[in-house]
Amino acid sequence: GRSEKSDIHLPSRYASLQHAEIICSENEWVVRALNSTNGILVKGDQIKEYRLKNKDVLTLGGYELVFTNLLEESPTDRAGKLTETGDTSIHKTLA
């Protein structure tokens, strides 16, 4: 979200302070909207909760982020990375 305390800081007036959360739940990564004003789009569809797949594109707060599942072994060994498309990249590993 827009908050500087967010794990992934999106400095945009279109992002809510706490826009979304990404969690590993039952052997899968899930993105969940946190009642943001502008919501989250995955593949052009607005979502409230969505099971992420490798290379899914999320649009939120004026950013397009690509979810990359780096490891497939087990839920405790998995990591995700969100990368902003374009000239500037945001790289954050979620564990």
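Here's a quick rundown of the structure. All figures in this text were calculated on a predicted structure; none of them were measured in a lab.

Mapped onto the elements, Leu10 comes out in the segment before β1 (20-25). For Leu10, a relative accessible area of 1% corresponds to the buried category. Taking the C-alpha atoms as reference, Leu10 lies 8.9 Å from Leu60; in sequence the two are 50 residues apart.

Before going further, it helps to spend a moment on the nonpolar core. Counting residues in each nonpolar core, the largest one holds 15 residues, and the members touching the most others are Val31, Ile40, Leu52 and Leu58. Looking at this core, the elements that each hand over two or more residues are β2 (28-33), β3 (40-42), β6 (57-60) and β7 (63-69). With three residues, the single largest contributor to this core is β7. If sequence neighbours within four positions are ignored, Ile40 has contacts with His19, Ala20, Val31, Arg32, Ala33, Asp45, Gln46, Ile47, Leu58, Thr59 and Leu60.

Moving on: unusual backbone geometry. At Lys43, a position not held by glycine, the phi torsion is positive, near 55 degrees. Position of Lys43 relative to the elements: it lies in the loop between β3 and β4 (45-47). When its relative accessible area of 57% is taken as the criterion, Lys43 is described as exposed. Although it is not a glycine, Lys55 sits at a positive phi angle of roughly 75 degrees. Within the element layout of this structure, Lys55 appears in the loop between β5 (49-51) and β6. Given a relative accessible area of 51%, Lys55 falls into the exposed group.

So, about the pairing of β2. Pairing of β1 with β2 involves six bridges; the strand directions are antiparallel. Note that in β2 the partner of Ala20 across the bridge is Ala33. In this structure, β2 lies alongside β5, joined through three bridges in antiparallel fashion. Across the sheet, Arg32 pairs through a bridge with Glu49, a residue of β5.

How each quantity is defined
Residues numbered from 1 in each chain as written. Predicted model: local features only at pLDDT ≥ 70, side-chain atom pairs only at ≥ 80, totals over all residues. Heavy atoms only, no water. Helix = DSSP H or I, 4+ residues; strand = E, 2+ residues; numbered from the N terminus. Buried < 20%, exposed > 50% of the residue type's maximum accessible area, 1.4 Å probe, protein only. Core = buried A, V, L, I, M, F, W, Y, C linked by side-chain atoms within 4.5 Å. Contact = heavy atoms within 4.5 Å. Pairing = 2+ DSSP bridges.

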